[in-house]
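Each chain, written out:
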Amino acid sequence: MNSALPASQKPFIKALNGEALPRPPVWLMRQAGRYLPEYRATRAQAGSFLDLCYNPDLATEVTLQPIRRFGFDAAILFADILLLPQALGQELRFQEGEGPLLAAIRSEAELGKLRPEAIHARLEPVYEAVARIKAALPAETALIGFAGAPWTVATYMLEGRGGNDQAAAKMWAFGNPAALDRLMALLVDSTVSYLDRQIQAGAEVVQLFDTWAGVLPDEQFQRYCVLPVKMIIQRLRQKYPALPVIAFPRGAGAQYDGFAAATGATALSLDYTVPLAWARDRLWSKHPVQGNLDPRLLVAGGPQMMQAVQRILQHFQGRNHIFNLGHGILPETPPQHVEQLLRLLRGASMAA
Ligand code: CP3
């Protein structure tokens, strides 16, 4: 057994609580993944990506791999945002080289086939993994649970796959907004219930991934991105008043401004297009921020990467910045570049 610190004494959670720290805590989105040879070996042992997600022993192992190798300040549960639609009864598979494929929902009538009451039976191994990860983490490492934000999850459920313009979900938003509201309400309920069980099992922070937040006009952004995230946070806070929540409305541009206040998110995860000076003056002045190195720079390495890291550190000197990428780490990232990044961050003093 480990002797974990109380959550409030872990550096990552201190930063989320607005405390000043001598250096920024760091973790990387998708830090467990194909860029690590040990991940590829465990995934081969599991058979498939989904088998890995539903195997508590192996999911624990891959969650811990980047912690052992790099000593990140936070671990993120190894799972996927699409496990929830699968638990609701939608068919899901991951095609090698193609990403996720779901049996797309084509009509409002098909929403009736989704089974919110059945999700926990399917997701039990995920909660088991959370408990095992929590028990095995180093004392100072925080544990992040997560879910997709309803809009992004809905884009996959309605389109059947990732894509560039989220056309199917947008057609629902513009053609039958009441039906999309119905799906949103169902996803809000199941996401609250899913995250509640992750928290009960040991997650100390939750992150909501809204990967496709950047494709909606303002009115629909308010209705399908802001409102559902706000409802999820409100309902979780009724039970866990101090719960830290990180929101990642990727690609939201100027709509990042005010997003934390409107939703109640504790902190914002910045994608790599958000300008640093603007983020400092408009966002970080009010809430902690996380981000936002371009993952492609971590692949490139060298002086360009080092300068970009320095620029980020210079903009957020002083307190409550969490170093991260602006999107998930890419499979072709050399692990040595992650080591270089960490040497730079750990040598960095945040004193002005
Ligand atoms: O960050 C972590 O290490 C935790 C695990 C995690 C995964 N997916 C594992 C994964 C998290 C937090 C996610 C979130 C996720 N999944 C998002 C939101 C964040 C983002 O990246 O925009 C989305 C949109 C998905 C859906 C998804 N899962 C896609 C589109 C793909 C295919 C693309 C790809 O990178 O291959 C996945 C697969 C996936 N999820 C992998 C991993 C490690 C790769 C699967 C493999 O091992 O082959």
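Residues numbered from 1 in each chain as written. Predicted model: local features only at pLDDT ≥ 70, side-chain atom pairs only at ≥ 80, totals over all residues. Heavy atoms only, no water.

J.: For the overall build of the chain, give the residues involved together with the corresponding values.
T.: In terms of helices and strands, the chain carries 15 helices and 9 strands. At 19 Å, the chain has a C-alpha radius of gyration in line with the 20 Å of a compact globule built from 352 residues. Out of the 352 residues belonging to the chain, those deemed buried represent 57%. On the chain, roughly 14,000 Å² of surface is accessible, and the fraction owed to carbon and sulfur atoms is 52%. Here the chain carries 34 positive and 31 negative side-chain charges, and the mean point of each set is 3 Å from the other. (Helix = DSSP H or I, 4+ residues; strand = E, 2+ residues; numbered from the N terminus. Rg over C-alpha atoms; globule rule 2.2 N^0.38 Å. Buried < 20%, exposed > 50% of the residue type's maximum accessible area, 1.4 Å probe, protein only. Areas by Shrake-Rupley, 256 points an atom, 1.4 Å probe, with all protein chains shown as cover. Lys, Arg positive; Asp, Glu negative; His and termini not counted. Charge placed at Lys NZ, Arg CZ, Asp CG, Glu CD.)

J.: Account for helix α10 (residues 218-239), with residues named and values stated.
T.: If you check α10, its first and last C-alpha atoms are 31 Å apart, about what 22 residues at 1.5 Å a residue would give, namely 32 Å. When the local axis directions of α10 are compared, the greatest deviation, roughly 30 degrees, occurs at V226, which is followed within four positions by the proline P228. The complete set of buried residues in α10 reads Q220, F221, Y224, C225, V226, P228, V229, I232, I233 and L236. Contacts from the buried residues of α10 go to α7 (150-159), α8 (167-175), α9 (177-201), β5 (205-210), β6 (245-249) and α11 (259-263). (Expected span 1.5 Å × (residues − 1). Bend = angle between axes of the 7 residues up to and from the residue. Contact = heavy atoms within 4.5 Å.)

J.: I'd like a rundown of the packing of aromatic side chains, residues and numbers included.
T.: For any pair of aromatic rings, geometry is given as the distance between the ring centres together with the angle between the planes. Counted under the stated rule, the structure contains 10 aromatic pairs. A centroid spacing of 5.7 Å and a plane angle of 50 degrees characterise the contact between Y39 and F78, whose relative ring orientation is tilted. Remark: F78 occurs in the loop between β1 (74-76) and α5 (83-87) and Y39 occurs in helix α2 (residues 37-46); sequence separation between them is 39 residues. Since its relative accessible area comes to 4%, Y39 is described here as buried. Owing to a relative accessible area of 7%, F78 belongs among the buried residues under this scheme. Summarising the aromatic geometry, the rings of F49 and F78 are spaced 5.7 Å apart at their centres and angled 80 degrees between planes, so their arrangement reads as edge-to-face. Taken as a pair, F49 in helix α3 (residues 49-53) and F78 in the loop between β1 and α5 lie far apart in primary sequence, 29 residues in all. (Phe/Tyr/Trp six-rings, centres within 6.5 Å; stacked < 30°, edge-to-face > 60°.)

J.: Any details on the site of the ligand? Residues and values, ideally.
T.: Contacts to the ligand come from 22 residues, most closely from R30, R34, Y39, R43 and D80. Here an oxygen atom of the ligand sits 3.3 Å away from a polar atom, N or O, in the main chain of Q31. Residue A32 places a main-chain N or O atom 3.4 Å away from an oxygen atom belonging to the ligand. Compared with its free state, where it exposes 860 Å², the ligand has 88% of that area covered by protein. Among the detected pockets, the ligand sits in the largest pocket. Taken together, the elements giving at least two residues each to the shell around the ligand come down to α2 and β3 (99-102). Across the shell around the ligand, the residue classes tally to 14 nonpolar, 4 polar and 4 charged. (Near = heavy atom within 4 Å. Polar contact = N/O pair within 3.5 Å; in protein donor to acceptor, adjacent residues only side chain to side chain. 1 Å grid on protein atoms, 1.4 Å probe; cavity = no way out; pocket = protein on both sides within 12 Å on 5 of 7 lines; lining within 4 Å. Sits in = over half its atoms within 2 Å of the grid points. Nonpolar A, V, L, I, M, F, W, Y, C, P; charged D, E, K, R; others polar.)

J.: I'd like to hear about the layout of surface pockets, residue by residue, with values.
T.: Taking a probe equal in size to a water molecule and rolling it over the atoms shows the remaining empty space. Its boundaries defined by the atoms lining it, the largest pocket holds a volume of some 1,300 Å³. As for the largest pocket, its lining consists of 39 residues, of which R30, R34, D80, F94 and P100 are closest to the centre. Of the residues assigned to the lining of the largest pocket, the class counts are 21 nonpolar, 11 polar and 7 charged. Taken as a whole, the second largest pocket spans an internal volume of roughly 150 Å³. (Points joined across faces, edges and corners; volume = space filled by probe spheres on them.)

J.: Let's hear about the packing of α8 against α9: which residues, and what values?
T.: Contact pair α8 / α9: the axes reach a minimum separation of 5 Å and the direction vectors enclose 120 degrees. Between α8 and α9, the crossing angle belongs to the class labelled oblique. Taken together, the residues of α9 that come into contact with α8 (itself represented by A169, W172, A173, F174 and G175) are P177, A179 and L180. (Axes fitted to C-alpha atoms, helices over the stretch in contact; angles between N-to-C directions. Parallel < 35°, antiparallel > 145°, perpendicular 65-115°, else oblique.)

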